[in-house]
Structure formats: structure tokens, C-alpha cells
Amino acid sequence: MNLKKITKTALAGLLAAALAAGLAGCGKSGADSAKSVDGKKIVTVAHTNYYVPYDYVNEQGESDGFEVAVMKEVAKKLPQYEFKFVPTSDDDLLIGVESGKYTVGTKGIWITDARKKKYVFPKNNIGASVIGLAIRKDTADKIKDLKTFAQFSGKLVPIAPQDARYMVIDEYNKENPDNQIKLTSSEAFQVADAYSWVLEGRYDGYLDVELSYKNNIAKEDAPYHQFDDKMAYVRYKGIPTYPIFNKKEQAFADDYDKAIEELRAEGKIAELEQKYFGESLSDYLK
């Protein structure tokens, strides 16, 4: 019998056993990392880092914004979880929640059929965003809402079918068969083009989220502030916004629902809306 061969075989066996043990240890460590030292389940809350006042990073480098603040209040209601807030980009948030990198994400999200296939949506919204029409100021005396816009011309800047705003106009048209808005689909385009098309008279309105209009035109440092003296904004309605949960997190979404119902009943949501918006956007959902 060759002693060297036996020694080599034994060493190989020991190395294989050590490697297997190491891998097993790593697997155990990974499973344990889902819980903190005190046994709480760690949940990662991804949020966009620039969408003021909904979700952003403040001057102190902290996660802030209305939706972040609501989720921090939810955390207080759910002591069985440890919340970790992670600021990130739009794309990373959406992909990360879908893949399980993040447990939940917030960024002023509206429900769409396409999104319902990828994420768990809770029963209760977290907040609201206001949507309306960007129009020319010389038509502001005639256009007061979607109905008067439809009567004026109904010429709306086209919307991509996958865009949640397409659904808003489609629902309006179904509810108002005798006073339709001209809903046409389009490929993606620059928002500056939409404003320019309205100013040129090519279209008479652009369906825009109010916050986007403020950030793009109304603010003094807005990129298209040169349009401010020629354009106006007409509010239409509030759209509920929701956090999105990973498909495996239905139980967590159910716990969120219980917490948010308590917070709304206690008046905490209304308090935070006043703090971040100066008004109750939820009133526009009624």
C-alpha cells in the first residue's frame, strides 16, 4: 500500500470536509442574517433619494419625506420588525423589490395592472399625489377641469399606454362617453417637448403630476421656468400612492395594513400631510 497516496487521499478528504463545513456555516449565517440579535425580522425599506417631499435624503444625510415618515410610524406599530431605510434610484428600487433585494419600496407609486403582476400591493394606500392639466394661460378662463378641457378641444398630449396616466384618462372617458378627451398613445418623449407642444398650440393640455409641474416649471430654479409666465396648472384629482412589497411578503403587507389603519384613525397621517405638503392631499381622493 502506498503511504503517500493514502496521505494525499486523507488530506483531500479533510479539505473537502472542511470546505463543506465552511459552506454550511455560511448558509447558516445567511439565514440568521434575516433576523437581528433580538429576534426581530429585518425589513429593508427602499425609497427614492430625490423625490421631495415624498421620499428623499435630507441635508443631514437622513432618509426623509412624507412616505418615509409614514413608514417610520408604521415601524413603531410593528415591534416584531426592524426597519432599515435605503435611499436609492427609481430603477434599483423597482428591480430590487421585485428580486427580493429590498422588502418594500416607496416612491409615490400608483397601482397599474402591470405592477400588480410583479409586486404585492397592500389594501391601504400610504398617501396621494395630485394630477391635473398643464395648459396655456390664455386658455385658463375656459379650462377649469377635465370636463371643460374636453369641451374646449380635448387635444391632450399623447400618453404611453404603460404609463399610469393613460389609465386616468381612459377611466375619465368611460365615465364621460358624451364628453371625451382625445386619448392617443405615444412613445416616450422629453417632458420639455410636451410643454412646448402645448405652448405651440399643437395640443391644449398635458396631463402632469402637480409635483412634477412645480419642479419643472413653477419653481424659480426649475429647468423650464421660462415657461412659467405662459403656462398654468389645473388640478383634476388625487391618485392614491402605495408602497410595493416583494411577492413573498404578503404577511408583512398585511401587518402594514393594520398599522396604517391605526395611524389614519389616530390622525397621524393627516398630521404628516400637513407637515410635508401644507395640506391634506387625501382630501382629493374623495
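Residues numbered from 1 in each chain as written. Predicted model: local features only at pLDDT ≥ 70, side-chain atom pairs only at ≥ 80, totals over all residues. Heavy atoms only, no water.

Going by what an unreviewed UniProt entry lists, the protein is known as ABC transporter, substrate-binding protein, family 3 and is assigned to Selenomonas flueggei ATCC 43531.

1. Concerning the overall build of the protein
For the protein, the count of helices and strands is 10 helices and 9 strands. Looking at the 286 residues of the protein, the share that counts as buried comes to 46%. Considering only residue pairs separated by 6 or more positions, the protein has 72% of its internal contacts joining residues 24 or more positions apart. Accessible area of the protein: about 15,400 Å², with a carbon and sulfur share of 52%. (Helix = DSSP H or I, 4+ residues; strand = E, 2+ residues; numbered from the N terminus. Buried < 20%, exposed > 50% of the residue type's maximum accessible area, 1.4 Å probe, protein only. Contact = heavy atoms within 4.5 Å. Areas by Shrake-Rupley, 256 points an atom, 1.4 Å probe, with all protein chains shown as cover.)

2. Digging into the sheet that holds strand β9 (residues 231–245)
Strand order across the open sheet formed by 6 strands is β5-β1-β6-β9-β7-β8, with mixed pairing between neighbours. Edge positions in the sheet fall to β5 (81–88) and β8 (206–209), since each has one partner strand and no second. The average angle at which neighbouring strand axes cross in this sheet is 25 degrees, direction not considered. In this structure, strand β1 (residues 41–48) lies alongside strand β6 (residues 104–109), joined through 3 bridges in parallel fashion. (Pairing = 2+ DSSP bridges. Axes fitted to C-alpha atoms, helices over the stretch in contact; angles between N-to-C directions.)

3. Section: the packing of aromatic side chains
Overall, the coordinates contain 14 aromatic pairs when judged by the stated rule. Between Tyr 51 and Tyr 54 the ring centres are 5.1 Å apart and the planes differ by 15 degrees, which places this aromatic pair in the stacked class. No difference in accessibility class separates Tyr 51 from Tyr 54, as the two residues are buried. Ring centres 5.2 Å apart and planes at 55 degrees place the aromatic pair Phe 66 and Phe 277 in the tilted group. (Phe/Tyr/Trp six-rings, centres within 6.5 Å; stacked < 30°, edge-to-face > 60°.)

4. So, the pairing of strand β7 (residues 127–136)
The element β7 is extensively covered by neighbouring structure, given that 10 of its 10 residues are classed as buried. When β7 meets β9, the two strands line up antiparallel, connected through 10 bridges. By the bridge assignment for β9, Ala 128 is matched with Pro 240. Sheet analysis places β7 next to β8, joined by 4 bridges and oriented antiparallel. Considered in β8, the bridge of Ala 134 is made with Tyr 206.

5. Brief notes about the sheet that holds strand β3 (residues 55–57)
Across the sheet, which stays open at both edges, the 3 strands sit in the order β2-β3-β4 with antiparallel pairing between neighbours. Sheet topology places β2 (50–51) and β4 (63–64) at the edges, where each strand pairs with a single neighbour. One ladder, built from 2 bridges, connects β2 with β3; its direction is antiparallel. Across the sheet, the residue bridging to Tyr 50 is Tyr 56, located in β3.

6. Describing the nonpolar core
Membership of the largest hydrophobic core comes to 52 residues, with the highest contact counts inside it found for Val 74 and Phe 83. For this core, the two domains that each supply at least three residues are domain 1 (41–128 + 240–284) and domain 2 (129–238). Apart from the residues lying within four places of it in its own chain, the contact partners of Phe 83 are Val 43, Val 45, Met 71, Val 74, Ala 75, Leu 78 and Phe 252. Within the second largest apolar cluster, 15 residues are counted, among which are Ala 192, Trp 197, Tyr 213 and Met 231. (Core = buried A, V, L, I, M, F, W, Y, C linked by side-chain atoms within 4.5 Å. Domains from an automatic or database assignment.)

7. Focus on helix α2 (residues 66–77)
Across its 12 residues, α2 extends 17 Å between first and last C-alpha, which sits within 8% of the 16 Å expected from 1.5 Å per residue. Of all 12 residues making up α2, 9 are buried, and the element is well covered by its neighbours. By the burial criterion, the buried members of α2 are Phe 66, Glu 67, Val 68, Ala 69, Val 70, Met 71, Glu 73, Val 74 and Ala 75. (Expected span 1.5 Å × (residues − 1).)

8. So, the side chain of Glu 273
Relative to the helices and strands, Glu 273 resides in helix α10 (residues 268–277). Buried within the structure, Glu 273 lacks any salt-bridge partner; its nearest side chain of opposite charge belongs to Arg 264, at an N-O separation of 6.7 Å. Residues within four places of Glu 273 in sequence aside, it is in contact with Phe 66, Gly 278, Glu 279, Ser 280, Leu 281 and Ser 282. (Lys, Arg positive; Asp, Glu negative; His and termini not counted. Salt bridge = Lys/Arg side-chain N within 4 Å of Asp/Glu carboxyl O.)

9. Some thoughts on the environment of Met 167
As for its position among the elements, Met 167 is in helix α6 (residues 164–175). What makes Met 167 partly exposed here is its relative accessible area of 32%.

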